[in-house]
Amino acid sequence: MTAPVSILHEDNTGTHARIRNDFPALHQRVNGKRLVYLDSAATAFKPRCVIEAVRDVWERDCANIHRGVHTLSQRATQRYEDARVKIGRFIGTDDRRELVFVRGATEAINLVAHSYALPRLGLGDEIVITGLEHHANIVPWQVVRDRTGATLKVVPVSISGEVALSAVEQQLSSKTKIVALAHVSNALGTILRVKEIVNRAHALGAVVLVDGAQAVPHLPVNVMDLGCDFYVFSGHKLYGPDGTGVLFARRELLESMVPYQTGGDMILSVTFEKTLYNELPARFEAGTPNISGAVGLAAAIDFISDVGLEWIFRHEQLLLKFAQEKLSKIEGLRFIGTASDKVGVISFVLEGVHAHDIGTILDAEGIAIRTGHHCAQPVVERMGVAATARASLGMYNDESDIVALAEGIQRVKQMLG
Ligand code: PLP
């Protein structure tokens, strides 16, 4: 299939065609139509180099890591640890001890809630989150609240889907021990002013966890520059394998934390009386990890670095503007989440039509979007709706996808409007 030509920016045509060719899953027909994939916020397609890296581990270096003296085990260990260094550098740390491999953003947040927050917080302490969090950054803090007696405070979100600094300040106090917030909202696309929030939280002695699941695929992220204490993301949204993810934690904090899970590989020695825990980061990686996944994620990062996050950001921003212009002409369509600073997440409702019906009819046209509350029920309710339709962009999308979406929505209107 020939790649659609882009008119969005001058250097786009060649780069973009090359990118599309690298994603095999794009080049298929669904329900007899060209697949238009607009659900990258749920999971991103994988470039060929990621698929090959995972396969290569299984074909050549299929061995368990850290424990084996044989060659394959040593090669697998090397690849896994090289991946750690690469992923750490991608988000701005050179210290491999600060990078813990996990199953995804959800597990990383649970790790911090259990290993950092549960032993430290008590009655009178406060945890601050924002009103636009994914359930993964709400429920673990409710567990901490319920077990420790701490209070959970929520920074309100404006009707445009923004989190004002003044609103954050109102919730912060000397009682705040943890601030946990999304870098980018998955339901609305809003980019939060993380650096300023970190500064304010630190001034009051609180630590800050940033949920970067929706940020790392779209913006350059540097944890040192942000100044945050914890940063989490999932590999599968970053064009990498599912079941992979990362917790960045400042070393001093990790050193002071108790392991979240225990077992093999996280120990130095075990007797029935006593166990000595391993060094960082192994102390937080109990059991056999997703070895091929880590290597695949490193390959995804190589791919992204080759394309360049600046290019990706610019491309997706131009496409977002194009989509906003195109869709705003559709009568009865209302955007949900209109922050001035946002990534390519386009949530909308259509007058008189249920979001799920939009998704079903579009699917028949080969167009994949997400509908519902997007695991962020509170913010969708805050926007005054029960569900939205959400089209989300990846580096491989182009104008033809947006044109197809607009035509698909017109078809929904003809059928149901
Ligand atoms: N945080 C945000 C902002 C998300 O969008 C998601 C997934 O959609 C998560 C956390 C959870 O990610 P995972 O299911 O990969 O653990």
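As a reminder, the structure under discussion sits directly above these lines.
Residues numbered from 1 in each chain as written. Predicted model: local features only at pLDDT ≥ 70, side-chain atom pairs only at ≥ 80, totals over all residues. Heavy atoms only, no water.

Draft legend 1. Geometry of the site of the ligand. By nearness alone, every residue bordering the ligand is listed as Gly 104, Ala 105, Thr 106, His 134, Ala 136, Asn 186, Asp 211, Ala 213, Gln 214, Ser 234, His 236 and Lys 237. Take His 134: an N or O atom from its side chain is 3.3 Å from an oxygen atom of the ligand. Between an oxygen atom of the ligand and a side-chain N or O atom of Gln 214, the distance comes to 2.7 Å. Across the complex, the protein chains shield 85% of the 400 Å² of accessible surface that the ligand would expose by itself. Broken down by class, the residue content of the shell around the ligand amounts to three nonpolar, seven polar and two charged. (Near = heavy atom within 4 Å. Polar contact = N/O pair within 3.5 Å; in protein donor to acceptor, adjacent residues only side chain to side chain. Areas by Shrake-Rupley, 256 points an atom, 1.4 Å probe, with all protein chains shown as cover. Nonpolar A, V, L, I, M, F, W, Y, C, P; charged D, E, K, R; others polar.)

Draft legend 2. The arrangement of the sheet that holds strand β7 (residues 176-182) in detail. The seven strands lie next to each other as β4-β10-β9-β8-β7-β5-β6, forming an open sheet whose pairing is mixed. Every interior strand has two partners, whereas the edge strands, β4 (99-102) and β6 (151-155), have only one. Neighbouring strand axes in the sheet, compared pairwise and without regard to direction, differ in orientation by 20° on average. Sheet topology places strand β8 (residues 207-211) next to strand β9 (residues 230-234); three bridges connect them, and they run parallel. By the bridge assignment for β9, Asp 211 is matched with Val 232. Where helix α4 (residues 105-120) meets the sheet, it contacts β4, β7, β8, β9 and β10 (245-249), and its direction lies at approximately 150° from that of β9. Of the strands in this sheet, β7 and β8 touch helix α7 (residues 194-203), which is tilted by about 175° from β7. (Pairing = 2+ DSSP bridges. Helix = DSSP H or I, 4+ residues; strand = E, 2+ residues; numbered from the N terminus. Axes fitted to C-alpha atoms, helices over the stretch in contact; angles between N-to-C directions. Contact = heavy atoms within 4.5 Å.)

Draft legend 3. Quick look at the pattern of salt bridges. Throughout the structure, instances matching the rule amount to 29 salt bridges. In this structure, Arg 145 engages Asp 146 in a salt bridge whose closest nitrogen and oxygen atoms are separated by 2.8 Å. What makes Arg 145 partly exposed here is its relative accessible area of 30%. Under the relative-accessibility criterion, Asp 146 is labelled exposed at 58%. (Salt bridge = Lys/Arg side-chain N within 4 Å of Asp/Glu carboxyl O. Buried < 20%, exposed > 50% of the residue type's maximum accessible area, 1.4 Å probe, protein only.)

Draft legend 4. Up close: the packing of aromatic side chains. Scanning all chains against the criterion turns up eight aromatic pairs. Between Phe 23 and Phe 303, the aromatic rings sit 5.5 Å apart at their centres with planes inclined by 90°, giving edge-to-face as the arrangement. Separated by 280 residues along the polypeptide, Phe 23 in the loop between α1 (12-21) and β1 (29-30) and Phe 303 in helix α10 (residues 291-307) bring together distant segments of the chain. The exposure classification of Phe 23 matches that of Phe 303, with both residues buried. Residues Tyr 239 and Tyr 396 carry aromatic rings whose centres are separated by 5.8 Å and whose planes lie at 90° to one another, so their mutual orientation is edge-to-face. Here Tyr 396 lies in the loop between β17 (388-392) and α14 (399-416) and Tyr 239 lies in the loop between β9 and β10, a separation of 157 residues in the sequence. (Phe/Tyr/Trp six-rings, centres within 6.5 Å; stacked < 30°, edge-to-face > 60°.)

Draft legend 5. Quick peek at the packing of helix α2 (residues 48-60) against helix α3 (residues 71-90). One way to put it is that α2 packs onto α3 with a least axis distance of 10 Å and a crossing angle of 160°. Judged on the interaxial angle alone, α3 and α2 are roughly antiparallel. Relative to α3, α2 is oriented so that their crossing is left-handed. When α2 is examined against α3, the residues Ala 53, Asp 56, Val 57 and Arg 60 are found in contact with a partner set consisting of Leu 72, Arg 75 and Arg 79. Class assignment for the residues of the contact of α2 with α3 results in three nonpolar, no polar and four charged. (Parallel < 35°, antiparallel > 145°, perpendicular 65-115°, else oblique. Left-handed = near helix turned anticlockwise from the far one by under 90°.)

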